[in-house]
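Residues per chain, in single letters:
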Amino acid sequence: MLANGRQLLAIPGPSVMPDRVLNAMHRPAPNIYTGELHEMTHSLIPDLRKIARTRHQATIYIANGHGAWEAALSNVLSRGDTVLVLATGRFCIGWGEMARGIGAKVETIDFGTQDDIDLDKVAKALTADTARRIKAVLAVHVDTSTSIKNDIAGLRKTMDRVGHPALLMADCIASMGCDPFEMDEWGVDVTVSASQKGLMTPPGLGFVWFNDKAEAAREGANCVTGYWDWKPRVRPTSYHQYFDGTAPTHHLYGLRAALDMILEEGLANVWARHHALARAIWAACEAWGKGGVVRLNVDDPAKRGNSVTSIFAGNGAGDLLRDWTERSAGVTLGIGLGREPAQDYFRIGHMGHVNAHMVLGTLATIQAGLTALDIPHGPGALAAATNVIAEAVARA
Ligand SMILES: *Cc1c(COP(=O)(O)O)cnc(C)c1O
């Protein structure tokens with residue numbers, strides 16, 4: 001009834017596409033054989049390195065995150081290798097299923113859906129692997145289903161402490177350009193991301209970054225197939241090797257604009273913006289929880305991602321609320337995922353092209369929905385959120 005006006009997609013990907021990205025894509029098809037497209041594509045690689053904070057290799061695949069997952073795995077694994085999956089929600093389990101699909105053996109440690117990776121348990125599992133069958137440790141930086149953030153730097157320290165030689169592979173699909181991530185400093189061997197979340201570009205580009213250790217693993221790996229092979233992509237002798245065929249021309253123009261936006265704002269400022277907006281959301285949820293059923297899925301703020309928040313609303317209220325906010329106010333929230341019963345949960349996506357008024361509008365809309373639907377909740381959420389925003393601006 002009050003939904004006409006600009007709709008807001010507040011789901012954890014695809015995220016809001018900036019007009020600057022959309023306008024960059026609104027153009028005739030370019031010449032793919034020579035000229036400006038080639039120069040523009042070359043310029044993307046160093047900037048992709050900058051946002052993953054690595055001096056190593058960056059590759060672009062025409063794929064969503066699932067494609068980038070498979071690309072990463074297939075370049076470093078051989079059939080029968082074991083991977084250790086550290087599950088804190090739906091996504092690492094999915095990555096493990098993909099590893100099984102290409103012929104790996106999968107060992108999973110499940111940390112549940114409300115807490116991050118327990119590094120002591122990882123140390124035990126790696127120490128027990130005396131035959132060194134585990135070739136890669138798979139971890140998700142921010143699991144989009146549960147909104148748990150994992151300590152990737154701590155994971156590397158744990159692997160080093162027990163002297164295990166496995167590769168450390170990180171899924172940064174929901175965290176790249178949202179949460180601080182330092183591929184080289186943290187010692188990540190392979191990093192995976194995709195275009196449609198913090199990177200503000202339509203779904204369809206997958207990214208894999210890898211270091212020298214991963215490149216060496218590629219030499220012995222027999223899972224790789226022609227299309228996913230990263231070797232020709234990082235040292236192309238002709239332009240078409242970047243993508244093994246026709247370039248994703250319009251996506252590349254969109255990505256160029258998105259990377260320009262991130263680098264103009266400054267990556268550290270982009271992370272800080274996401275953190276302040278996330279804290280406003282958490283403050284609102286904590287107020288709703290006082291005297292009500294609404295609560296954040298993750299208790300410890302240090303273990304929450306900056307880009308997505310999973311919230312329990314009880315008794316089918318997640319679905320009811322999503323329906324209400326979309327139909328009545330033009331705000332689309334994310335479905336419950338990775339928690340049961342899913343209809344009791346909803347998620348807010350706050351990744352990429354998001355600012356204070358978008359987050360405050362989303363929170364106020366949720367407030368209206370909670371009231372309209374008689375979902376029990378405590379008072380003061382909007383005051384708490386606006387205080388966080390005011391303080392964050394004052395401190396900046
Ligand atoms: C979105 C997401 C994926 C899957 O990406 P698709 O593009 O949907 O294939 C994997 N991992 C994480 C952490 C994600 O957020």
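The written sequence of each chain sets the order in which its residues are numbered from 1. Only residues with pLDDT of at least 70 get local features here, since the model is predicted, and only at 80 or more are side-chain atom pairs given and counted; chain-wide, interface and lining totals rely on the full set of residues. Where side-chain values are given, they derive from all heavy atoms of the structure, hydrogens and water being excluded.

S.K.: Describe in detail the site of the ligand, supporting the description with residues and values.
M.R.: Whether a residue is near a molecule or strand depends on its heavy atoms: if one lies within 4 Å, it is near. Of all residues adjacent to the ligand, which total 13 residues, the nearest are His66, Thr144, Asp171, Gln196 and Lys197. A distance of 3.5 Å separates an oxygen atom of the ligand from a polar side-chain atom of Asn64. Between the ligand and the protein, one listed contact pairs a nitrogen atom with a side-chain N or O atom of Asp171 at 2.7 Å. Methods summary: accessible areas were calculated by the Shrake-Rupley approach with a probe of 1.4 Å, and residue burial reflects only the protein chains presented. Relative to its unbound accessible surface of 380 Å², the ligand loses 90% to contact with the protein. Ranked by the residues each element gives to the shell around the ligand, the list is headed by helix α3 (residues 65-76), at three residues. Of the residues in the shell around the ligand, the class split is six nonpolar, five polar and two charged. Polar contact is defined as a pair of N or O atoms within 3.5 Å, subject to the rule that within protein one atom must be able to donate a hydrogen and the other to accept it, and that residues adjacent in sequence are counted only when both atoms are side-chain atoms. Every helix listed is a DSSP run of H or I at least four residues long, and every strand listed is a run of E at least two residues long, numbered separately from the N terminus. Each residue is assigned to one of three groups, with Ala, Val, Leu, Ile, Met, Phe, Trp, Tyr, Cys and Pro labelled nonpolar, Asp, Glu, Lys and Arg labelled charged, and all others, Gly among them, labelled polar.

S.K.: Break down the domain arrangement of the chain for me, with residues and values.
M.R.: An automatic or database domain assignment supplies the residue ranges for each domain. Partitioning the chain into domains gives domain 1 (8-15 + 267-395) and domain 2 (31-263). With centres defined by C-alpha atoms, the gap from domain 1 to domain 2 works out at 28 Å. When two parts are brought into contact, each loses some accessible area as probed by a 1.4 Å sphere; the total of that loss over both is the buried area. The junction of domain 1 with domain 2 conceals about 2,400 Å² of combined surface from both sides, 57% of it contributed by carbon and sulfur atoms. Considering only the side of domain 1, the residues that lose the most area to domain 2 are Leu267, Trp271 and Lys303, jointly responsible for 28% of the buried surface there. For Asp116, the salt bridge is made with Lys303, and the minimal N-O distance between the two is 3.3 Å. Linking domain 1 with domain 2 are 16 residue pairs in polar contact (both at pLDDT 80 or more), by the criterion used here. A carboxyl oxygen of Asp or Glu within 4 Å of a side-chain nitrogen of Lys or Arg is what we treat as a salt bridge.

S.K.: Go over the side chain of Thr309 with me, naming the residues and quoting the values.
M.R.: Along the chain, the position of Thr309 falls in strand β12 (residues 308-312). Of note is the side chain of Thr309, whose polar atom sits 2.7 Å from the side chain of His350. When checking whether two residues touch, look at their non-hydrogen atoms; a contact exists if any pair is within 4.5 Å. Those residues in contact with Thr309, other than ones at most four positions away along the chain, are Ser147, Ile281, Trp282, Leu296, Phe346, Arg347, Ile348 and His350.

S.K.: Describe the sheet that holds strand β13 (residues 331-335), listing the residues and the values that go with them.
M.R.: Two strands form a pair only when DSSP identifies at least two bridges running between them. What the five strands build is an open sheet, ordered β1-β13-β14-β12-β11; its pairing is mixed. Bordering the open sheet on either side are β1 (8-10) and β11 (295-296), each of which pairs with just one other strand. Relative to strand β14 (residues 345-349), β13 runs antiparallel, the two being bridged by two bridges. Counterpart to Gly334 in the pairing with β14 is Arg347.

S.K.: Describe the packing of aromatic side chains, naming the residues involved and giving the relevant values.
M.R.: Working definition: rings of Phe, Tyr and Trp (its six-membered ring) pair if their centres are within 6.5 Å, and the pair is stacked with planes under 30 degrees apart, edge-to-face with planes over 60 apart, and tilted otherwise. For the structure on display, the rule yields 10 aromatic pairs. Both rings, one in Trp69 and one in Trp95, keep their centres 6.2 Å apart while their planes meet at 15°; by these two values the pair is stacked. A residue pair is termed long-range when its members are at least 10 positions apart, and Trp69 in helix α3 and Trp95 in helix α4 (residues 90-101) qualify at 26 residues. The buried label applies to any residue whose accessible area, calculated with a 1.4 Å probe on protein chains only, is under 20% of its type's maximum; exposed applies above 50%, and partly exposed to all values in between. On the basis of relative accessible area, Trp69 is assigned to the buried category, the value being 2%. Plain terms: the ring middles of Tyr242 and Phe243 are 5.9 Å apart, the flat faces sit at 35° to each other, and that makes the pair tilted. The exposure classification of Tyr242 matches that of Phe243, with both residues buried. A ring is considered to have a charge above it if a Lys NZ or an Arg CZ atom is located within 6 Å of its centre and within 35 degrees of its normal. One Lys or Arg, Lys197, reaches over the ring of Phe91 and ends 5.7 Å from the middle of that ring. Sitting above the plane of the Trp282 ring, Arg304 keeps its charged end 5.0 Å from the centroid.

S.K.: Which residues make up the pairing of strand β5 (residues 134-140), and what values do they have?
M.R.: Within β5, six of the seven residues are buried, which leaves it mostly tucked inside the rest of the structure. Examined bridge by bridge, strand β3 (residues 82-87) and β5 share five bridges and lie parallel to one another. Following the sheet pairing, Val83 is matched in β5 by Ala136. Bridge analysis of β5 against strand β8 (residues 167-171) gives five bridges, and the strand direction is parallel. Looking at β8, one finds that Val140 is bridged to Asp171.

S.K.: Let's hear about the sheet that holds strand β2 (residues 57-62): which residues, and what values?
M.R.: In space, the seven strands of this open sheet follow the order β2-β10-β9-β8-β5-β3-β4, with mixed pairing throughout. Unpaired on one side and paired on the other, β2 and β4 (105-110) mark the two borders of the sheet. Here the average twist between neighbouring strands, direction ignored, is 20°. Pairing analysis gives three bridges linking β8 to strand β9 (residues 190-194), with the strands arranged parallel. Bridge assignment links Asp171 to a residue of β9, and that residue is Val192. Orientation is described by axes fitted as lines to C-alpha atoms, over the contacting stretch for helices, and by angles from 0 to 180 degrees between their N-to-C directions. Sitting on the sheet, helix α5 (residues 119-128) touches β3, β4 and β5, and the angle it makes with β4 is about 150°. Each of β3, β5 and β8 is contacted by helix α6 (residues 152-161), which is oriented at about 165° to β8, the strand it contacts most.

S.K.: How would you sum up the environment of Gly361? Please name residues and give values.
M.R.: Within the fold, Gly361 resides in helix α13 (residues 356-372). Note: C-alpha distance between Gly361 and Ala71 (290 residues apart in sequence) is 38 Å.

S.K.: Break down the nonpolar core for me, with residues and values.
M.R.: Counting 56 residues, the largest nonpolar core has Ile60, Leu86, Val137, Trp209 and Leu252 as its most contacted members. Per element, the largest residue contribution to this core is eight residues, and it comes from helix α10 (residues 249-265). Of the residues that make up this core, three or more belong to each of domain 1 (8-15 + 267-395) and domain 2 (31-263). In this view, Leu86 contacts Cys92, Ile109, Phe111, Ile117, Val122, Val137, Leu138 and Leu155; residues no more than four positions away in its chain are not counted. Put simply, buried Ala, Val, Leu, Ile, Met, Phe, Trp, Tyr and Cys residues joined by side-chain atoms within 4.5 Å make one nonpolar core. Ranked by size, the runner-up nonpolar core spans 35 residues in total, among them Ala99, Ile102, Ala194 and Val208.

S.K.: A description of α10 should follow, citing residues and the corresponding values.
M.R.: One fewer than the residue count of a helix, multiplied by 1.5 Å, yields its expected span. Between the first and last C-alpha of α10 there are 25 Å, a value that for 17 residues agrees with the 24 Å anticipated at 1.5 Å per step. Among all positions in α10, only Thr249, Leu252, Tyr253, Gly254, Leu255, Arg256, Ala257, Ala258, Leu259, Met261 and Ile262 are buried. Buried residues along α10 sit in contact with α1 (19-25), α2 (36-52), β2, β10 (205-210) and α11 (267-289). Positive backbone phi, at 95°, marks Gly266, one or two positions downstream of α10.

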